[in-house]
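# Notes for the structure review
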Amino acid sequence: MGNKRQKNQLLLAFVAESRGESPRAAAGGTELPMAKRDAQSPTQTDSLMKEVCQRDNLWKALKRVQANKGAPGVDGMTVQKLPKYLKRHWPKIREQLLAGTYRPQPVKRVEIPKPDGGVRKLGIPTVLDRFIQQVALQILGGRWDRTFSEHSYGFRPGRSAHQAVAQAQAYIAEGYGYTVDIDLEKFFDRVNHDMLMGRRPTLRVGARKRVKDKHLLKLIRAFLCAGVMENGLVSSSEEGTPQGGPLSPLLSNLMLDDLDKELERRGLRFVRYADDCNIYVRSRRAGERVMQSISRFITGKLKLKVNESKSAVARPAKRKFLGFSFTSGKQPRRRIAPTSLLRFKKRVRELTRRNRGVSLERMVEQLRRYLMGWRGYFGFCQTRSVLQNLDSWIRRRLRCFQWKQWNRGKTRFAELRKRGVGKDLAAQTAGSPRGLWHLSRSPALSIALPSAYFDSLGLPKLSETKHV
């Protein structure tokens, strides 16, 4: 009953404001960021911000933020506390949004390791700022998305990484046998704010050319310039769109839409997923020309930097795109990139360490969660034999773990006999001086711990995917 009552009270706050009633000052609780009222008359403001503040849009955003969960920002507020906070403070927040005076708090710097080394810097907004970004995203995203290039697949509704990989495969099958793989160095950290907002004439697109509501433009700029808190100190944000907020993917697509339009103007075959862009041409010579000219465009017009050490013109089989690569030949097949396989095996080794103090059942349960997610993405490959070999490798690692857990010869003999292994074979295997990995494919362990046994524990098979 408490949650239902809180929901009704929040609904009343949203409804009252959507009807245009005079907002009441919030009583108690955490103070909102203070800002001076904009002198601009409300009649000069486009109605887009009012649409952002509509009740249905607010409810949709609140549900999305709650579903996404996520860590607290610099103020320590959790997602669970957001509804109660909005119930008390929404009238004041709405007033600031409509007046163009809302000021977001700095994002919290979080670093996560990158698969290929180094760290990726994230900027975690406060829960309230994530909510405000989400309500803006739901209005802007629908308007902007339909103007983006059909060759852009990242962070867009109805589009996916699998579609991007399939399109790249189609270009290769058509005879475009060289890829111009362009890597943008620290893209999310280097986005020029003036370029993104459309204040410079060198860009054909920008936020100012898509949004006439000055208060909404000020809100976007405020999020870009909110600052970053790291080790207790706040530094200014002069460039970049910190990864971690709902608006960041949309703004990155807006920034790179000018690159898409340039590639389309030149009639090039390309696929872009966020800052990962591959262009497909028929010859190495053509690829080198494209690499030089497009790199000049990126550095000169977009004020971004191309990572020359990671960019290259090569055969698609020698490069990876979104974790996949392609086989050679006239009919290329999707395969898992070698680096993706190495990361997968590293993670499985961590989950199946022989000295872990857990039961085999618990290990399989933890392994299952990882394998299901991995299969959901990389099951899109067309090389079933690779997945079958991985299935076999995983079962062998689990047999190694169980064999080590049984530890002593008498225990091993008893466990083998209990699982249907003949007396002589059980005795021979239990007393074998061979190593764990060799014994993991022995007849005795294959009988005692067959594939069906691991199936009964819930271990998924990577090769059982609809894509291959």
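Provided above is the structure to which this section pertains.
Below: a short report on this structure. All of these numbers come straight from a predicted model, not from anything done at the bench.

The four strands lie next to each other as E6-E7-E3-E8, forming an open sheet whose pairing is antiparallel. With partners counted over all chains shown, the strands left at the sheet margins are strand E6 (269-273) and strand E8 (312-314), one partner each. Averaged over all pairs of adjacent strands, the angle between their axes in this sheet comes to 20 degrees, without regard to strand direction. The pairing of E6 with strand E7 (residues 276-281) spans five bridges and is classified as antiparallel. By the bridge assignment, Tyr273 is partnered in E7 with Asp276. On top of the sheet, helix H6 (residues 161-173) reaches E6 and E7; it is set at about 165 degrees to E6, its chief contact. On top of the sheet, helix H11 (residues 284-300) reaches strand E3 (178-183), E7 and E8; it is set at about 20 degrees to E3, its chief contact.

So, on to helix H5 (residues 127-145). When the terminal C-alpha atoms of H5 are compared, their 25 Å separation across 19 residues agrees well with the 27 Å that a helix rising 1.5 Å per residue should span. Of all the bends in H5, the largest measures some 30 degrees and sits at Leu137.

With that settled, the discussion passes to the pattern of salt bridges. One pass over the structure, following the stated rule, counts 19 salt bridges. Between Glu185 and Arg190 there is a salt bridge, and its shortest N-O distance comes to 3.5 Å. A salt bridge links Glu262 to Arg266; the nearest nitrogen and oxygen atoms lie 2.9 Å apart. Looking at Glu262, the relative accessible area reads 5%, which means it is buried. Under the relative-accessibility criterion, Arg266 is labelled partly exposed at 33%. Connected through shared salt-bridge partners, Glu185, Arg190 and Lys305 make up one network.

The rules behind each value
Residues numbered from 1 in each chain as written. Predicted model: local features only at pLDDT ≥ 70, side-chain atom pairs only at ≥ 80, totals over all residues. Heavy atoms only, no water. Pairing = 2+ DSSP bridges. Helix = DSSP H or I, 4+ residues; strand = E, 2+ residues; numbered from the N terminus. Axes fitted to C-alpha atoms, helices over the stretch in contact; angles between N-to-C directions. Contact = heavy atoms within 4.5 Å. Expected span 1.5 Å × (residues − 1). Bend = angle between axes of the 7 residues up to and from the residue. Salt bridge = Lys/Arg side-chain N within 4 Å of Asp/Glu carboxyl O. Buried < 20%, exposed > 50% of the residue type's maximum accessible area, 1.4 Å probe, protein only.

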